[in-house]
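Chain and residue survey
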Amino acid sequence: MRIKNFDEDKHILYLVATPIGNLSEMSPRAIEILNSVDVIGCEDTRVSKQLLNNFNISKKLISCHEHNEEQASLELLKYLENGNIAYISDAGYPGISDPGHRLLAKVLDNNYKVSVVSGASAMLNALIGSGLDTTHFYFHGFLASKHSARIHELEELKSKKETLIFYESPHRIGDTLNDLREVFGNRKATLARELTKRFEEYIREDLDYLCNIDISTLKGEMVLIIEGNKNEEIVTEKVLLDYAKKLLSNGINTKTAAKLTAKHFKVSKNDVYDLIIKG
């Protein structure tokens, strides 16, 4: 179906990106659109009311978040029958590790129009500022909260050549960094936090360095940018074991051989050690 958003006589849902930190990121167009609609759906009415008050925008707000999005979407659809509406999440783009996708799907299923109003994106800010390769990248968002599920996700991602992007919260950052190093081995990495705010910080190092940072100094929402898998050789268990055996035959002990093999192939030291022991 081809739809020209501004040439057809149908009501429209505007998905409006909001500041990720600095309020100056709010674009004139975003302010204009939010002033023009009849109703604004939002992730958290308290957060959105504070944001909108800064720009003297006073509209009816309807809470539409992760836990009520199905029902709230139906309520917003009723308003869309009579006029244009907008949706905002707490920061950044709706639908990117934030609510909004289920609302979007229902709006499209009911043959209404959807337009996105551009703004700030934490993942793009962090990627561009990281200094790592931006030619190709993969955005994963938040990893699973449970250790076993997180390890499984990372095992599926470790062969990707693209630069990897993750979101993480302060209370899980230590565990996530350790799991990244365990599965990926040591890779170049950047941790970006408090983006566009007063205490914005980029830590451009590697996973070994990041794992040894005092976690209490890492506040706020964080973005992790991890170098993709740069190994040209397909690293099978046989390749790892053959390399380790060469080291062992030269008198290097098992623990050191595992460490050197892991460093060479950028894989987990523990995995290599287990391979050597199994023989």
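Structure's up top.
Predicted model only: the values in this text are computed from it and were never measured. Within every chain, residues take consecutive numbers counted from 1 along the sequence as written. Owing to the predicted nature of the model, reporting of local features is limited to residues with pLDDT of at least 70; listing and counting of side-chain atom pairs is limited to 80 or more, with chain, interface and lining totals taken over all residues. With hydrogens and water stripped out, all remaining heavy atoms of the structure feed into the side-chain values.

Now for the packing of aromatic side chains. Pairing of aromatic rings covers Phe, Tyr and Trp, the last through its six-membered ring, and needs centres within 6.5 Å; plane angles under 30 degrees mean stacked, over 60 mean edge-to-face, and all others mean tilted. Here the structure, examined in full by the defined rule, presents 3 aromatic pairs. Relative to Tyr167, the ring of Phe139 has its centre 5.1 Å away and its plane inclined at 70°; by these criteria the two rings are edge-to-face. One end of the pair, Phe139, is in strand 6 (residues 137-142); the other, Tyr167, is in strand 7 (residues 163-168), and 28 residues separate them in sequence. Only protein chains enter the accessibility calculation, which uses a 1.4 Å probe. A residue is then buried if its area is under 20% of the maximum for its type, exposed if over 50%, and partly exposed in between. The exposure class assigned to Phe139 is partly exposed, which follows from its relative accessible area of 24%. Exposure remark for Tyr167: the relative accessible area of 11% places this residue in the buried category. Centre to centre, the rings of Tyr243 and Phe265 are 5.2 Å apart; their planes meet at 80°, and the pair counts as edge-to-face. Of the two residues, Tyr243 sits in helix 9 (residues 237-249) while Phe265 sits in helix 10 (residues 254-265), which places them 22 residues apart along the sequence. On the basis of relative accessibility, which here comes to 28%, the residue Tyr243 falls in the partly exposed class. Through a chain of ring-to-ring contacts, three or more aromatic side chains come together here, namely Phe139, Phe142 and Tyr167. It is Arg187 that lies over the ring of Phe184; its NZ or CZ is 4.2 Å from the centre. A run of H or I in DSSP becomes a helix once it reaches four residues, and a run of E becomes a strand once it reaches two; helices and strands are each numbered from the N terminus. Counted as over-ring charges are cases with an Arg CZ or a Lys NZ within 6 Å of the ring centre that also lie within 35 degrees of the ring normal.

Bringing the sheet that holds strand 4 (residues 85-88) into the picture now. Paired strands, in this sense, are two strands between which DSSP finds at least two bridges. Read across the open sheet, the 5 strands follow the order 3-2-4-1-5; overall the sheet is parallel. Each end of this open sheet is capped by a strand with a single partner; those strands are strand 3 (60-63) and strand 5 (113-117). Averaged over all neighbouring strand pairs, the angle between strand axes comes to 25°, with direction disregarded. Across 4 bridges, the pairing between strand 2 (residues 39-42) and strand 4 is parallel. Bridge pairing links Val39 to Ile85 in strand 4. When checking whether two residues touch, look at their non-hydrogen atoms; a contact exists if any pair is within 4.5 Å. To obtain each axis, a line is fitted to C-alpha atoms, and for helices this fit is confined to the stretch in contact; angles are then taken between N-to-C directions over 0 to 180 degrees. Running over the sheet, helix 2 (residues 45-54) touches strand 2, strand 3 and strand 4 and is turned about 150° from strand 3.

With that settled, consider the pattern of salt bridges. Between Lys or Arg on one side and Asp or Glu on the other, a salt bridge is scored when a side-chain nitrogen of the former is within 4 Å of a carboxyl oxygen of the latter. Per the stated rule, a full pass over the model turns up 10 salt bridges. Residue Asp179 pairs with Arg150 through a salt bridge whose shortest N-O separation is 2.8 Å. Within this pair, whereas Asp179 is found in helix 7 (residues 173-184), its partner Arg150 is found in helix 6 (residues 147-157), the two being separated by 29 residues in sequence. Each member of the pair, Asp179 as well as Arg150, is classed as buried. The salt bridge involving Lys158 is made with Glu155; its shortest N-O contact spans 3.0 Å.

Another aspect to go through is the nonpolar core. By nonpolar core is meant a set of buried Ala, Val, Leu, Ile, Met, Phe, Trp, Tyr and Cys residues that side-chain atoms within 4.5 Å join together. In this structure, Phe166, Leu177, Leu180, Phe184, Leu191, Leu224 and Ile226 are the most contacted members of the largest nonpolar core, which totals 22 residues. Sorting the residues of this core by element identifies helix 6, strand 7, helix 7, strand 8 (188-193), helix 8 (207-211) and strand 10 (222-226) as the ones contributing at least two each. The dominant element in this core, judged by the number of residues it contributes, is helix 7, at 5 residues. With near-sequence residues (within four places) excluded, Phe184 lies in contact with Leu154, Leu157, Lys158, Leu164, Leu207, Ile226, Lys266 and Val267. Among the nonpolar cores identified, the runner-up in size contains 18 residues, and Val16, Met26, Ile33 and Ile40 belong to it.

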